[in-house]
Amino acid sequence: MSVLVYTENWDGKFKKLSYEMVSFAAAIAKEMGSSLTALSIGHVADEELKSLGKYGANKVLNVQDDRFESLDNKALADAVAKAAEAEGAKVIIFAHNNEGKAIAPRLSVRMNAGMVSGVNGLPVSVEPFVVRKKLFTGKAFANIQIKTDVKVITFAQNSYEIVEQGGDVVIEAFDPQLSDDEFNTTVKETNKITGKVILTDAEIVVSGGRGLKGPENWGILEELAGLLDAGTACSRPVADEGWRPKEEHVGQTGKIIAPNVYFAIGISGAIQHLGGVNSSKIIVAVNKDPEAPIFEAADYGIIGDLFKVVPQLIDAVKEMKANG
Amino acid sequence: MKILVLISNVPDTTTKIRFTGDNKAFDATGVQWIINPWDELALTRAMELKEKGGVESITVANVGTKITEPTLRKALAVGADDAIRVDAEPLDAYFVAKQLAEVAKGYDLIMAGIEASDYNGSGVGGMLAELLEINSVSAVSGIDLTDGQLKILREIDGGTQTLEISTPVLTVVQKGIAIDPRIPAMRGIMMARKKPLKVVPAVEAETRTDFLSFELPAPKAACKMVEEDNAKELIRLLHEEAKVL
């Protein structure tokens, strides 16, 4: 019996999310008295694979097959199913991100497993298996029991602390033995945004709304974001006006993010906007309207003119950095 | 090309969420029901493709009781050609996917929204593709159709990819697939009354999950205010008190 966690790599490297997932999966495995196997698909060096052991993986299945680079949903689900069967996995864990959402539902059908997505914390109990998740885009929670023998869950990023625990890890090559006709997705072109902090990854996000009055005023937000190694985001009207690229739109119909700190600058905080950011650990609001709903969601706030406030924040961050 | 758009019937996104007495069920009293926003964008894109040519018909399908019919009629008013309602309470994602699998055969392109705005499940689309044993692509933010060949834009971490994939295919669509949802015009509303809405009995299917209880989030502590002229204090608080910088 085991717990299987699906890990993603970025150009052969793991990142915080991978370690967070393995830590989370290790805690579930411990609770169930079972071992933890991590599945890695792609070209990841052994040293990097071994790093998963530090967070509680007992075994790593290493799939090196270039055909998976097209992220064919069906082939990936087949590969994970074969790994899960080989390991006798009872719980299979994905991230609640693009890749996880693409594979987990297919896999759940393959494995006759019940699935719950966006689980945001350890199971309430493992016997029966009950997990907690947000509903209505953060306006409620539910406790949900998965009734099947095998369970599939997707895990909401930034909802578990990374735990280093050390331990030996075995790395095994694994070949799911898929035939070519199982791969039907052809990638014609890939466009990567480089040199920018990826929004869904960012620990700090600086976000602007209509209060900035125009795209020409974004310099101060970019400067603040640059100093904090933060991602930049915006509200829906800003993306709709074309002031900022649509990739930066956060909210219920845009990207849903959960950074440690979310700076909402000149954003009133409509309910649809809050739906995309209300999982942030700390929300900071700067707005000239004391009645703006963002202050109800915020932890820290300043009522005032953002064009006076943001330069002070920039100075303060510079001072903080200078003082180490 | 025949397109099927999956429609989830959800409470209006500004609904105040409440649960009944012992927190065992969603309180639907006074709720305004709408087409799930992502499904509405999927339908909008399907309409755009049809207007450009090469699409024979657009069908919408939903699993729900009679209360979801106004939502399906709205989809017809927006421009779908016909609608299917599988007559059952949508108990969980697997149950819904099993019902849809009975009515989703024979379409070249199936479109599902990335999640329903009520239970945020993200499950039905992928489950249906697996039940139908067809290809699927998730995180789709663009679909084009040229000479019967689909070109799909997919979001990946930190970028996008353009894909080709053979049909039949199920696409799970998200932000970007269409810009503004179509609003039905008066003529569309009139025509929708005459369009076929087929009610199909449910098939036997299990549920694999049980919603045990619901909760509302704990009330948030009041926002700590800093004076406009003393904005530097905010950074100190984030650094020393919240310890997030």
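Reading guide: rules and limits
Residues numbered from 1 in each chain as written. Chains lettered and ligands numbered in written order. Predicted model: local features only at pLDDT ≥ 70, side-chain atom pairs only at ≥ 80, totals over all residues. Heavy atoms only, no water. Helix = DSSP H or I, 4+ residues; strand = E, 2+ residues; numbered from the N terminus. Contact = heavy atoms within 4.5 Å. Areas by Shrake-Rupley, 256 points an atom, 1.4 Å probe, with all protein chains shown as cover. Lys, Arg positive; Asp, Glu negative; His and termini not counted. Charge placed at Lys NZ, Arg CZ, Asp CG, Glu CD. Pairing = 2+ DSSP bridges. Axes fitted to C-alpha atoms, helices over the stretch in contact; angles between N-to-C directions. Domains from an automatic or database assignment. Buried area = accessible area lost by both parts, 1.4 Å probe. Salt bridge = Lys/Arg side-chain N within 4 Å of Asp/Glu carboxyl O. Polar contact = N/O pair within 3.5 Å; in protein donor to acceptor, adjacent residues only side chain to side chain. Nonpolar A, V, L, I, M, F, W, Y, C, P; charged D, E, K, R; others polar. 1 Å grid on protein atoms, 1.4 Å probe; cavity = no way out; pocket = protein on both sides within 12 Å on 5 of 7 lines; lining within 4 Å. Points joined across faces, edges and corners; volume = space filled by probe spheres on them. Parallel < 35°, antiparallel > 145°, perpendicular 65-115°, else oblique. Left-handed = near helix turned anticlockwise from the far one by under 90°. Buried < 20%, exposed > 50% of the residue type's maximum accessible area, 1.4 Å probe, protein only.

Colleague: Even after reading the chapter, I still don't get the overall build of chain B, so can you show me in this structure?
Modeller: When helices and strands are counted, chain B shows six helices and 13 strands. Principal-axis analysis of the C-alpha atoms places the extent of chain B at approximately 65 × 45 × 40 Å. Across chain B, every contact between residues at least 6 apart in sequence was considered, and the portion connecting residues at least 24 apart equals 71%. For chain B, the computed accessible surface area is about 10,700 Å², with 51% contributed by carbon and sulfur atoms. Within chain B, the 36 negative side-chain charges are centred at a point lying 5 Å from the centre of the 28 positive side-chain charges.

Colleague: Got a minute to help me understand the sheet that holds strand S12 (residues 204-208) of chain A in this structure?
Modeller: Backbone-to-backbone hydrogen bonds pair the strands of a sheet. The strands run either parallel or antiparallel. As summarised here, the arrangement of the six strands in space is S13(A)-S12(A)-S14(A)-S15(A)-S16(A)-S13(B), forming an open sheet in which the pairing is parallel. The open sheet has two edge strands with one neighbour each: strand S13 (231-234) of chain A together with strand S13 (224-226) of chain B. Strand-to-strand, the axes of this sheet are offset by a mean angle of 20°, without reference to chain direction. Bridge count for S12 of chain A against strand S14 (residues 261-265) of chain A is five bridges, and the pairing is parallel. What sits directly across from isoleucine 204 of chain A, in S14 of chain A, is valine 261 of chain A.

Colleague: Explain the sheet that holds strand S9 (residues 159-165) of chain B here, please?
Modeller: As summarised here, the arrangement of the 10 strands in space is S11(A)-S9(B)-S8(B)-S7(B)-S10(B)-S6(B)-S1(B)-S4(B)-S5(B)-S11(B), forming an open sheet in which the pairing is mixed. Strands with a single pairing partner mark the edges of an open sheet, and in this sheet they are strand S11 (185-192) of chain A together with strand S11 (197-201) of chain B. On average, each strand axis in the sheet is inclined to that of its neighbour by 30°, with strand direction left out of account. With five bridges joining them, strand S5 (residues 82-87) of chain B and S11 of chain B adopt parallel strand pairing. From the neighbouring strand, arginine 85 of chain B faces S11 of chain B, where its bridge partner is valine 199 of chain B. Contacting strand S7 (135-146) and strand S8 (149-156) of chain B, helix H4 (residues 98-110) of chain A runs over the sheet at an angle of about 105° to S7 of chain B. Strands in contact with helix H1 (residues 37-52) of chain B are strand S1 (2-6), strand S4 (57-64), strand S6 (109-113), S7 and strand S10 (169-173) of chain B; relative to S1 of chain B, the strand with the most contacts, it is inclined by about 165°.

Colleague: Help me understand the domain arrangement of chain A, please; the structure alone is not making it clear to me.
Modeller: Many authors give the size of an interface as the accessible area that is lost as the parts come together. Residues and elements named next belong to chain A. As assigned here, chain A comprises domain 1 (2-182) and domain 2 (199-322). At the junction of the two partners, domain 1 supplies nine residues and domain 2 supplies 12 residues. Interface of domain 1 and domain 2: buried area, both sides summed, is about 780 Å²; carbon and sulfur atoms make up 33% of it. The three residues of domain 1 that bury the most area against domain 2 are Thr137, Gln157 and Asn158, which together make up 52% of that side's buried surface. The interface formed by domain 1 and domain 2 includes three salt bridges. Lysine 281 serves as the salt-bridge partner of glutamate 161, at 3.8 Å between the closest nitrogen and oxygen. Between the two partners, domain 1 and domain 2, sit six residue pairs in polar contact (both at pLDDT 80 or more). A per-class count over the side of domain 1 that touches domain 2 returns no nonpolar, four polar and five charged.

Colleague: Which parts of the structure should I look at to understand empty space enclosed by the protein?
Modeller: Unoccupied space between atoms shows up once a probe the size of one water molecule is rolled over them. One pass over the structure, following the stated rule, counts two cavities of 30 Å³ or more. Size it by volume and the largest cavity reaches roughly 50 Å³. For the largest cavity, the full set of lining residues is Phe136, Thr137, Lys139 and Gln252 of chain A together with Pro11, Asp12, Thr13, Ile17, Ser117 and Asp118 of chain B. Partitioned by chemical class, the residues of the lining of the largest cavity number three nonpolar, four polar and three charged.

Colleague: Help me understand the packing of H4 of chain A against helix H4 (residues 124-132) of chain B in this model?
Modeller: Pairs of packed helices are described in terms of their axes, by the angle between the two and the distance that separates them. In the contact formed by H4 of chain A and H4 of chain B, the axes pass within 7 Å of each other and the chain directions differ by 45°. Viewed along their axes, H4 of chain A and H4 of chain B adopt a mutual orientation that is oblique. Crossing of H4 of chain A against H4 of chain B: the hand is right-handed. Residues Pro105, Arg106, Ser108, Val109 and Arg110 of chain A of H4 of chain A lie in contact with H4 of chain B, whose contacting residues are Gly126, Met127, Ala129, Glu130 and Leu131 of chain B.

Colleague: Help me understand the pairing of strand S15 (residues 282-287) of chain A, please; the structure alone is not making it clear to me.
Modeller: Consecutive side chains along a regular strand alternate between the two faces of the sheet. All names here are of chain A. Of all six residues making up S15, six are buried, and the element is well covered by its neighbours. Of the two faces of S15, both are covered, the one formed by Ile282, Val284 and Val286 as well as the one formed by Ile283, Ala285 and Asn287. Both S14 and S15 contribute to a ladder of five bridges, which runs parallel. Across the sheet, tyrosine 262 pairs through a bridge with isoleucine 283, a residue of S15.

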